[in-house]
Amino acid sequence: MNTEEIIEQLKQEKDAVILAHYYAAPEVQAVADYVGDSFYLSKLAAGLPNKTLVFCGVSFMGESGKLLSPDKTVLLPDSEADCPMAHMVREETIQAARRAYEDLAVVCYVNSTAQIKSWSDVCVTSSNAVKIVEDLPNEHILFIPDKNLARHVAEQVPGKHIIIPDGYCPIHDQMSAEEIKKQKGLHPEAKVLAHPECGPKILELADYIGSTSGIIGYAAQSSEKEFIIATEAGVSYELEKERPDAAFYFAETLPVCEGMKRITLEGIAHVLRTGENEVHVEDVLVGPAGDTLKRMLELAAEKGRS
Ligand code: 13P
Ligand code: SF4
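Conventions used here
Residues numbered from 1 in each chain as written. Chains lettered and ligands numbered in written order. Predicted model: local features only at pLDDT ≥ 70, side-chain atom pairs only at ≥ 80, totals over all residues. Heavy atoms only, no water. Disulfide = S-S within 2.5 Å. Buried < 20%, exposed > 50% of the residue type's maximum accessible area, 1.4 Å probe, protein only. Near = heavy atom within 4 Å. Nonpolar A, V, L, I, M, F, W, Y, C, P; charged D, E, K, R; others polar. Salt bridge = Lys/Arg side-chain N within 4 Å of Asp/Glu carboxyl O. Helix = DSSP H or I, 4+ residues; strand = E, 2+ residues; numbered from the N terminus. Contact = heavy atoms within 4.5 Å. Polar contact = N/O pair within 3.5 Å; in protein donor to acceptor, adjacent residues only side chain to side chain. Areas by Shrake-Rupley, 256 points an atom, 1.4 Å probe, with all protein chains shown as cover. Axes fitted to C-alpha atoms, helices over the stretch in contact; angles between N-to-C directions. Parallel < 35°, antiparallel > 145°, perpendicular 65-115°, else oblique.

## Here's the deal with the state of the cysteines
No. 1: One pass over the structure, following the stated rule, counts 0 disulfides.
No. 2: Cysteine cysteine 56 is unpaired, with the sulfur of cysteine 257 as its nearest cysteine sulfur at 14 Å.
No. 3: A relative accessible area of 1% places cysteine 56 in the buried class.

## Side note on the site of ligand 2
No. 1: Every residue close to ligand 2 is listed here: Tyr23, Val58, Cys83, Pro84, Met85, Asn111, Cys169, Ile171, His172, Glu197, Cys257 and Met260.
No. 2: Class assignment for the residues of the shell around ligand 2 results in 9 nonpolar, 2 polar and 1 charged.

## Things to note about the pattern of salt bridges
No. 1: Overall, the coordinates contain 10 salt bridges when judged by the stated rule.
No. 2: Between aspartate 245 and arginine 243 there is a salt bridge, with the nearest N and O atoms lying 2.9 Å from each other.
No. 3: Among the charged side chains, a salt-bridge network with shared partners connects Glu8, Lys11 and Asp33.

## Quick look at the environment of tyrosine 249
No. 1: Within the secondary structure, tyrosine 249 is located in strand β12 (residues 247–249).
No. 2: C-alpha separation for the pair tyrosine 249 and alanine 206, spaced 43 residues apart in sequence, amounts to 14 Å.
No. 3: Sequence-distant contacts of tyrosine 249, defined by excluding residues within four places in its chain, comprise Gln183, His187, Glu226, Phe227, Ile228 and Ile229.
No. 4: A distance of 3.4 Å separates a polar atom in the side chain of tyrosine 249 from a polar atom in the side chain of histidine 187.

## As for the site of ligand 1
No. 1: Near ligand 1 you find His21, Tyr23, Asp37, Ser38, Tyr109, Asn111, Ser126, His172, His195, Glu197, Ser211 and Thr212, and these make up its full shell.
No. 2: Between ligand 1 and asparagine 111 there is a distance of 3.0 Å, counted from an oxygen atom to a side-chain nitrogen or oxygen.
No. 3: At 3.1 Å from an oxygen atom of ligand 1 is found a side-chain nitrogen or oxygen belonging to histidine 195.
No. 4: When ligand 1 is considered free in solution it has 300 Å² of accessible area, and contact with the protein chains removes 96% of it.
No. 5: Taken together, the residues that form the shell around ligand 1 break down as 2 nonpolar, 8 polar and 2 charged.

## What about the packing of helix α3 (residues 38–45) against helix α16 (residues 283–302)?
No. 1: Where α3 contacts α16, the axes come no closer than 11 Å and their chain directions differ by 105 degrees. With respect to each other, α3 and α16 are oriented roughly perpendicular. Taking contact as the criterion, the partners of Phe39, Ser42 and Lys43 in α3 are, on α16, Met296, Leu297 and Ala300.
No. 2: Of the residues belonging to the contact of α3 with α16, the class tally is 4 nonpolar, 1 polar and 1 charged.

## Section: the environment of alanine 230
No. 1: With respect to the element layout, alanine 230 can be found in strand β11 (residues 226–230).
No. 2: The spatial distance from the C-alpha of alanine 230 to the C-alpha of valine 281 is 33 Å, given a sequence separation of 51 residues.
No. 3: Each residue touching alanine 230, except ones within four places of it in the same chain, is listed here: His172, Met175, Ile180, Leu193, Ala194, His195, Cys198 and Ile202.

So far we have only geometry, and geometry alone does not tell us how the molecule works.
Written as structure tokens, this is what we have:
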């Protein structure tokens, strides 16, 4: 049997389901039962009937899965798969902002540890951040940890005071606007589709700014034939499936998330077989961090947004 067949057999034996982010390697997306952006994967985790969830993504995704389904076994195929940005918040920053503004809401991007979520009031993902911040009754918002997404939200919700943090995604923040401009020079008709984790110089060039599923959805429905994609290169698997007739160009320095690429077929088969790398969240964090995530799902459901 090949590894794909072994995974299929183990999935049946363990009543397991595989969830993968769009940044996972193509062969991992191919064996997954569900592939999507962070919001979609969180929503699914809260409602799947299976006993075991295998999260093919970085550790905050596994943690979110566990927080939303504490009674399930959640497995991460690689315990070192991590998102550096998910740690870029200090508790003192939050405490200082809470002291400074009585009506402060601490809005936490889902790319954050369970500890950071436990300090926050509501979670958001890149697909619902603008709408959720817009709808909050609070005027003062501390948006953590991503400075680029925070700046984008502040531009879209000008009526609120958004405190911009200093965290960032190394992959998106370091993407070169010059390299995107170079692609635009080579392909002047191409639409630029960018993730809001990119820096402002790239977002200024964008025809569309959205989450990974937003970018894929835009390209899928567009009549255009060429796109410059400013996000992690893993999205090309789904983009090419959706639009085999279109051309997709990335920055010359290909944006690759090391954490996501640690997930392999062998790793998936191994954790399914052994139960290793089970995700545990400290008992004291499960309540507060889980509530922060659930608030996001409730607010998103209220408005029927994805
Ligand atoms: P999405 O919200 O589009 O899934 O983005 C998650 C992420 O990690 C982007 O770097
Ligand atoms: Fe984190 Fe950036 Fe990787 Fe997304 S692409 S998981 S934000 S390091």
